[in-house]
Amino acid sequence: ESRPQSILCRKLFSTMKSSVSMGLCYYGIVVLLVLQISATLAFIQHHGLPSTLVGPRSILNMVPRFDPQQQKWIPSSEEESSTAGYPPIRSLLRHGPKAFFVRVTQPDMYDQAVLKFMASDRVERWEAQGNMDRFNENAQDWIFERMEAKRKGYTLDYVTLNPKQVILSSIWAGIVFWFANDLVQRYVL
């Protein structure tokens, strides 16, 4: 009974001696571990970009349009809707917590920015999302990178997920969480 989980659960629920509270604590720890592992392993095997992104840009026949009455960008097809893009966890894996929290806490603003970027640059949704995630992570670097890419004549890839970077980031996050847990156990509980 000297496992770290049981010590943590006992400290958290020292006032509550019921088996229900201990069970909830164990359940919470298991859920957190599963979330961390799934976030780490979910996108390690990269199968390339969607087939719509592989061909020339002329495949994008329709672009989102701006509705002046609603003052909103409207997708013109299902491929441009928010369900066609990648999920928020990919924003977290590609561009970090800042881009993820902007996307989760302000979904309408994020979607409008993606649609506007799609219309102005005539790109697919995944590419627009990658650019908006990078912008939300660090706007000044994004602007600089775009200017350099235009000046030097190359294209930026904010869509491809690097499996090596995911593994390294997950290891780093595990170390940070381990130290944070250790500090909480020593000085707070």
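Every value quoted in this text rests on a predicted model; they were computed, and no experiment measured them.

**Things to note about the confidence of the model for the chain**
Item 1. Mean pLDDT over the chain works out to 75, with 67% of the residues at or above the 70 mark.
Item 2. Helix H8 (residues 139-152) holds the highest mean pLDDT among the elements of the chain, 93, whereas helix H3 (residues 51-54) holds the lowest, 40.
Item 3. Segment residues 41-60: pLDDT under 50, and 26 contacts once partners within four positions in sequence are set aside and those in other chains are kept.

**Observations concerning the pattern of salt bridges**
Item 1. Enumeration according to the criterion identifies eight salt bridges in this entry.
Item 2. The residue Asp 121 makes a salt bridge to Arg 146 at a minimum N-O spacing of 2.9 Å. With Asp 121 in helix H6 (residues 107-121) and Arg 146 in helix H8, this pair connects stretches of sequence that are 25 residues apart.
Item 3. What makes Arg 146 partly exposed here is its relative accessible area of 29%.
Item 4. Arg 134 is paired through a salt bridge with Asp 141; the nearest N and O atoms lie 3.9 Å apart.
Item 5. Of the residues examined, Arg 134 reaches a relative accessible area of 11% and is grouped as buried.
Item 6. Take Asp 141: its relative accessible area is 35%, and that puts it in the partly exposed class.
Item 7. Look at the salt bridges and you will find they share partners, linking Arg 134, Glu 137, Asp 141 and Glu 145 into a network.

**A few points about unusual backbone geometry**
Item 1. Its identity is not glycine, yet Gln 71 carries a phi of approximately 55°, on the positive side.
Item 2. With respect to the element layout, Gln 71 can be found in the loop between strand E1 (65-67) and strand E2 (72-74).
Item 3. Unlike most non-glycine residues, Arg 122 shows phi in positive territory, near 55°.
Item 4. Residue placement: Arg 122 occurs in the loop between H6 and helix H7 (125-137).
Item 5. Relative accessible area serves as the criterion here: at 47%, Arg 122 is assigned to the partly exposed category.

**Thoughts on the nonpolar core**
Item 1. In terms of nonpolar packing, the biggest core is built from 12 residues, these being Trp 73, Tyr 110, Val 114, Leu 115, Phe 117, Met 118, Ala 119, Val 123, Ala 128, Met 132, Trp 142 and Tyr 158.
Item 2. Looking at this core, the elements with two or more residues in it are H6 and H7.
Item 3. The greatest single-element share of this core, amounting to six residues, is contributed by H6.
Item 4. With residues up to four places along the chain from it excluded, the contact list for Tyr 158 reads Arg 94, His 95, Gly 130, Asn 131, Arg 134, Trp 142 and Glu 145.

**Description of the packing of aromatic side chains**
Item 1. Per the stated rule, a full pass over the model turns up six aromatic pairs.
Item 2. Taking the centre distance of 5.6 Å and the plane angle of 85° together, the rings of Tyr 86 and Trp 126 count as edge-to-face. Placement of the pair is Tyr 86 in the loop between E2 and helix H4 (88-95) and Trp 126 in helix H7, with a sequence separation of 40 residues. Comparing Tyr 86 with Trp 126, the two get one shared label, buried.
Item 3. Consider the rings of Trp 178 and Phe 179, whose centres lie 4.9 Å apart with planes at 70°: the pair is edge-to-face.
Item 4. Of the residues examined, Trp 178 reaches a relative accessible area of 54% and is grouped as exposed.
Item 5. Site record: aromatic cluster; members linked through ring pairs are Phe 117, Phe 135 and Trp 142.

About the criteria used
Residues numbered from 1 in each chain as written. Predicted model: local features only at pLDDT ≥ 70, side-chain atom pairs only at ≥ 80, totals over all residues. Heavy atoms only, no water. pLDDT = per-residue confidence, 0-100. Helix = DSSP H or I, 4+ residues; strand = E, 2+ residues; numbered from the N terminus. Contact = heavy atoms within 4.5 Å. Salt bridge = Lys/Arg side-chain N within 4 Å of Asp/Glu carboxyl O. Buried < 20%, exposed > 50% of the residue type's maximum accessible area, 1.4 Å probe, protein only. Core = buried A, V, L, I, M, F, W, Y, C linked by side-chain atoms within 4.5 Å. Phe/Tyr/Trp six-rings, centres within 6.5 Å; stacked < 30°, edge-to-face > 60°.

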